[in-house]
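Fold and contact review
Here's the letter readout for the chains.
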Amino acid sequence: MDPSAVRYAETHEWVAVDGDVATVGISDFAVRELNDVTYLELPAVGQQVKAGDSVGVIESVKAASDIYTPVSGEIVEVNQPVSENFDALADDPFGAGWLFRVRMSNPEEVDRLMDRAAYDEHCRRQQQ
Amino acid sequence: MNDPDSANAALLHTPLHDWHVHQGARLVDFAGWHMPLQYTSIIAEHHAVRTAAGLFDVGHMGRLEIAGPDAAAFLDRLVTRRCGDMATGRIRYALLTNDRGGTIDDVLVYRLPDRFLVVCNAANRPRVLRWLDAHREQVSATLTDRTEATFMLALQGPRALEIARDVLGSAVAALRYYHGRSVVWDGQSVLVSRTGYTGEDGIEAIVDADAALALWSALWEAGRNRGLMPAGLGARDTLRLEAGMPLYGHELTEKIDPLTAGLEFAVDLDKDFVGRDALRTIAERGPQRTRVGLSLDSRRIARQGCAVFPADGNERIGEVTSGTFSPTLQRSIAMAYVPRSFAETGTRLRVDIRGRYETATVCPLPFYRRPRSSNG
């Protein structure tokens, strides 16, 4: 996935759309901020979710944080390998490090997400 | 020293600050100092210290000198164990307590030929200075804050002593545990001690601020081909936690006395000091709570403030003071205060981590003990 071609939530998830299915992951910025991930909890396949719901947990030595789904729908797939080996989160956050896929019930929600330029600005503000 | 235009202008810098920046370290505000949290990854730096060696900037630690005819008596009036009569070169861990027995700070006291050196926590330096100063009436003792005129580093790990010996000479490797001595290096006096806060063998060294970068660089050059890594505050915390060592602000506060914290070894109730009477009372009836180690069944981390419950009850019985994912043991560990009736090894408890209960077992401290062979 090209980091500049996906959309971003303020809570640092990225979303890539293919038809009515959205793939969701954690941004490179968020992974770098967390560093040394020690625990990852993903949603269950079949779970109905609403945009903004907490659907998982990511923890590192430094901090714990919820994972939110930026889009509503049904969880259709989760990336089981990454929940057992966290290296992909840091090595390839936009590829092998994806977390879950949602069959969207309201694809327009994606339009409300940020593009890369807006997201970069959002991260800059958070770091200050 | 600091750039007034920078966002961190108010923060203190150690003499190694530019080196850390140049290495690409992630720097954070720690107790008013701009300090490296990590250079690469906390876990990688942690493993380096357990398997080879790590080099830590601990320049933020307070370094206070006490001298004068009454120095020994003055100090003994305030610390929880006898330090005034230590032989030159001896170092002792002790606590400063208030008159209720609460902990003002935990410190290392060094007996130097002509004075005492008290190494205190960075965050407590102003308070310790005030506390010492307030008790200095009527005594002939001087108190000098040498923190910003000097620098302190820690070199820790199974290969720390061989690296230190190559740079500082064989006298360093001959130092006994909790002893220190001055050695001359490159025309500079370096106070080297066999002390640390990681559970590994190693040294700490104090030099004038001018010589800090040269000494650090010499140790770095001597060690970098032997697995030495610079290590930040993140690894320092995970290492001390595995080693079961208390950290002020977590396991120790003005509301927690040293006996409750399980630090009896550092408290001499036969010696008179501020807080002694209160601690005697606590010792007689036995502390209500005690510090325990917890091993969690989940990989989730129980952090400071997480509430602790019995395995089968909904009444909150205690609180986590520190927790992490142990890189050495590959499991989630924590320290907590609980009533003594829940403190026995093997007791099953539950911890509320962000709204969800995780089960845990009380286990002995420390979580990690270094192999005997590297004991020196």
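Definitions and limits used
- Residues numbered from 1 in each chain as written.
- Chains lettered and ligands numbered in written order.
- Predicted model: local features only at pLDDT ≥ 70, side-chain atom pairs only at ≥ 80, totals over all residues.
- Heavy atoms only, no water.
- Helix = DSSP H or I, 4+ residues; strand = E, 2+ residues; numbered from the N terminus.
- Rg over C-alpha atoms; globule rule 2.2 N^0.38 Å.
- Buried < 20%, exposed > 50% of the residue type's maximum accessible area, 1.4 Å probe, protein only.
- Contact = heavy atoms within 4.5 Å.
- Pairing = 2+ DSSP bridges.
- Domains from an automatic or database assignment.
- Buried area = accessible area lost by both parts, 1.4 Å probe.
- Salt bridge = Lys/Arg side-chain N within 4 Å of Asp/Glu carboxyl O.
- Polar contact = N/O pair within 3.5 Å; in protein donor to acceptor, adjacent residues only side chain to side chain.
- Nonpolar A, V, L, I, M, F, W, Y, C, P; charged D, E, K, R; others polar.
- Lys, Arg positive; Asp, Glu negative; His and termini not counted.
- Axes fitted to C-alpha atoms, helices over the stretch in contact; angles between N-to-C directions.
- Parallel < 35°, antiparallel > 145°, perpendicular 65-115°, else oblique.
- Left-handed = near helix turned anticlockwise from the far one by under 90°.

**Some details on the overall build of chain B**
Within chain B, the regular secondary structure consists of nine helices and 19 strands. Compactness check: chain B gives a C-alpha radius of gyration of 21 Å against a globular reference of 21 Å for 376 residues, within 12% of the reference. The principal-axis extent of the C-alpha atoms belonging to chain B is close to 65 × 50 × 50 Å. Taken over 376 residues, chain B has a buried fraction of 59%. When contacts within chain B are restricted to residue pairs at least 6 apart in sequence, long-range pairs at least 24 apart make up 66% of them.

**Remarks on unusual backbone geometry**
Residues and elements named next belong to chain B. In this structure, the amide linkage connecting Leu-365 to the following residue, Pro-366, adopts the cis form with an omega of 0 degrees. Mapping Pro-366 onto the fold places it in the segment after strand 19 (356-363). With a phi close to 60 degrees, Tyr-178 is a non-glycine residue in the positive phi region. Relative to the elements of secondary structure, Tyr-178 occurs in the loop between helix 6 (170-173) and strand 10 (180-185). Exposure remark for Tyr-178: the relative accessible area of 18% places this residue in the buried category. At Arg-354, a residue that is not glycine, the phi angle is positive and equals roughly 50 degrees.

**Concerning the pairing of strand 6 (residues 54-60) of chain A**
All names here are of chain A. Most of strand 6 sits inside the fold, with six of its seven residues counted as buried. Here strand 4 (residues 37-41) runs beside strand 6; their pairing, made up of four bridges, is antiparallel. Note on strand 6: the bridge partner recorded for Glu-41 is Val-57. Of the strand pairs in this sheet, strand 6 and strand 7 (residues 64-68) are connected by five bridges, and their pairing is antiparallel. Counterpart to Val-57 in the pairing with strand 7 is Asp-66. Between strand 6 and strand 7, which follow one another and run antiparallel, lie three residues.

**A few points about the domain arrangement of chain B**
Taken domain by domain, chain B consists of domain 1 (4-59 + 148-242), domain 2 (62-145) and domain 3 (288-363). Computed over C-alpha atoms only, the centres of domain 2 of chain B and domain 3 of chain B are separated by 34 Å.

**Some details on the sheet that holds strand 2 (residues 13-18) of chain A**
All names here are of chain A. On the basis of which strands lie adjacent, the open sheet formed by six strands has the order 1-2-3-9-8-5 and antiparallel pairing. In the strand order of this sheet, the two ends are held by strand 1 (7-8) and strand 5 (48-49), each with one partner. Bridge analysis of strand 3 (residues 21-26) against strand 9 (residues 100-104) gives four bridges, and the strand direction is antiparallel. Within the sheet, the bridge partner assigned to Ala-22 lies in strand 9 and is Val-102.

**What about the interface of chain B and chain A?**
Counting residues at the interface gives 18 residues for chain B and 17 residues for chain A. Note on chain B versus chain A: buried area summed over both sides is about 1,400 Å², and carbon and sulfur give 44% of it. Among the residues of chain B in contact with chain A, Arg26(B), Arg303(B) and Arg354(B) are the three that bury the most area, contributing 38% of the side total. Where chain B touches chain A, the interface holds four salt bridges. Across the pair Glu59(A) and Arg303(B) runs a salt bridge whose closest N-O atoms are separated by 3.5 Å. Where chain B touches chain A, the interface holds 14 residue pairs in polar contact (both at pLDDT 80 or more). Breaking the side of chain B that touches chain A down by element, the ones donating at least two residues are strand 2 (33-38), helix 2 (42-51) and strand 16 (318-326) of chain B. Of the residues belonging to the side of chain B that touches chain A, the class tally is six nonpolar, six polar and six charged.

**Considerations on the side chain of Arg111(B)**
Counting through the fold element by element, Arg111(B) comes out in strand 6 (residues 103-112). Buried within the structure, Arg111(B) lacks any salt-bridge partner; its nearest side chain of opposite charge belongs to Asp114(B), at an N-O separation of 6.8 Å.

**Some remarks on the packing of helix 2 of chain B against helix 8 (residues 233-242) of chain B**
All names here are of chain B. Viewed as axis vectors pointing N to C, helix 2 and helix 8 meet at an angle of 55 degrees, and their least axial separation amounts to 8 Å. Judged on the interaxial angle alone, helix 8 and helix 2 are oblique. Remark: the crossing between helix 2 and helix 8 carries right-handed chirality. Counting all contacts with helix 2, which are made through Ile-42, Glu-45, His-46, Val-49 and Arg-50, the residues of helix 8 involved are Gly-234, Ala-235, Thr-238, Leu-239 and Glu-242.

**Considering the pairing of strand 8 (residues 73-78) of chain A**
All names here are of chain A. Bridge analysis of strand 5 against strand 8 gives two bridges, and the strand direction is antiparallel. Note on strand 8: the bridge partner recorded for Gln-48 is Glu-74. As paired strands, strand 8 and strand 9 are joined by five bridges and run antiparallel to one another. Counterpart to Val-78 in the pairing with strand 9 is Phe-100.

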